[in-house]
Amino acid sequence: LGENESKVEVNWSPNNQVLPFAITAESSSSGLDSNVIYPVGKHQENFKGLVVEGLGFDSLWSPTGKQLLYSVTGSYSSQKPLLWIVDATSSTMGDNRTSLGLNTWVDKCTWASSSTVYCAVPIDLPANAGLQRALYVDEPDALYKLDLDTGRSTLVAIPAEETSMENLSVSDDESLLYFTNESGQLELLRLK
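Peer 1: Describe in detail the nonpolar core, supporting the description with residues and values.
Peer 2: In this structure, F21, L50, V52, F57, L68 and Y70 are the most contacted members of the largest nonpolar core, which totals 16 residues. The set of elements that each furnish at least two residues to this core consists of β2 (18-22), β4 (50-53), β5 (55-61), β6 (67-73) and β7 (81-87). Ignoring anything within four residues of it in the chain, the contact list for Y70 reads V51, V52, F57, D58, S59, L82, L83, W84, V86, R97 and V106. I85, V121, L146 and L148 belong to the second-largest nonpolar core, a separate cluster that totals 13 residues.

Peer 1: Tell me about the sheet that holds strand β13 (residues 166-170), and name the residues and values.
Peer 2: Spatially, β13-β14-β15 is the arrangement adopted by the three strands of the open sheet, whose pairing is antiparallel. Of all the strands in the sheet, just β13 and β15 (186-190) have a single pairing partner and so form its edges. Going across the sheet, the axis of each strand differs from the next one's by a mean of 20°, ignoring polarity. One ladder, built from five bridges, connects strand β14 (residues 176-180) with β15; its direction is antiparallel. By the bridge assignment, T180 is partnered in β15 with L186.

Peer 1: Talk me through the packing of aromatic side chains; I want residue IDs and the actual numbers.
Peer 2: Think of a pair of aromatic rings as described by two things: how far the centres are apart, and how the planes are tilted against each other in angle. In total, this model carries three aromatic pairs according to the counting rule given. For the pair F57 and Y70, a centre-to-centre distance of 5.5 Å together with 45° between the ring planes defines the contact as tilted. Of the two residues, F57 is situated in strand β5 and Y70 in strand β6; the sequence distance between them amounts to 13 residues. Exposure class is identical for F57 and Y70. Each is buried. The interplanar angle of 5° and the centroid separation of 6.3 Å between the aromatic rings of Y70 and W84 together place this pair among those described as stacked. Placement of the pair is Y70 in strand β6 and W84 in strand β7, with a sequence separation of 14 residues. A network of ring pairs unites the aromatic residues F57, Y70, Y76 and W84 as a single cluster.

Peer 1: Give me the lowdown on empty space enclosed by the protein, citing residues and values where you can.
Peer 2: Scanning the model with the defined rule gives one cavity of 30 Å³ or more in all. Estimates place the volume of the largest cavity at around 30 Å³. Forming the boundary of the largest cavity are W105, K108, P122, R133, Y136, V137, S164 and E166. A breakdown of the residues in the lining of the largest cavity according to their chemical character gives four nonpolar, one polar and three charged.

Cut-off values and rules
Residues numbered from 1 in each chain as written. Predicted model: local features only at pLDDT ≥ 70, side-chain atom pairs only at ≥ 80, totals over all residues. Heavy atoms only, no water. Core = buried A, V, L, I, M, F, W, Y, C linked by side-chain atoms within 4.5 Å. Buried < 20%, exposed > 50% of the residue type's maximum accessible area, 1.4 Å probe, protein only. Helix = DSSP H or I, 4+ residues; strand = E, 2+ residues; numbered from the N terminus. Contact = heavy atoms within 4.5 Å. Pairing = 2+ DSSP bridges. Axes fitted to C-alpha atoms, helices over the stretch in contact; angles between N-to-C directions. Phe/Tyr/Trp six-rings, centres within 6.5 Å; stacked < 30°, edge-to-face > 60°. 1 Å grid on protein atoms, 1.4 Å probe; cavity = no way out; pocket = protein on both sides within 12 Å on 5 of 7 lines; lining within 4 Å. Points joined across faces, edges and corners; volume = space filled by probe spheres on them. Nonpolar A, V, L, I, M, F, W, Y, C, P; charged D, E, K, R; others polar.

Shown next as structure tokens:
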């Protein structure tokens, strides 16, 4: 990758079509906050670029590899991270891009199924937090459930003891959500 090595995010898709994303393009012509992310194919395919509205692109594949959940930070969200969903197969890359309206980083989310996502969302995230994430890693979170079929987000829980939630994982029957707190201890929330 030469001089662009530091601009590549390795993120293997579940359907084995995309290996990394190359974040090598300059801002697109549609605005200062807009960038083009290039998926790099397993067999050197040339997929069309994924236009994202913001900086700090980070992503999480759906279990089937058909969609991509991602977060970016931009002026439209007061420089807070904002979650988006987009179609991401070889033929649909970039289609149906939709803001999910939650201000959190994608690595604070986990897929429970192909249409359900759980995310830890900081309770009080100030403007510009997306530009200096390290200052807000210990912010207490609330847990939200996203239904991607309807586009609805629902507050599921606010832990009794304020805590930051990381490394979320949902049990197979979707009855328990596991996470690590800011001390690195494993905790769980009952979802049912």
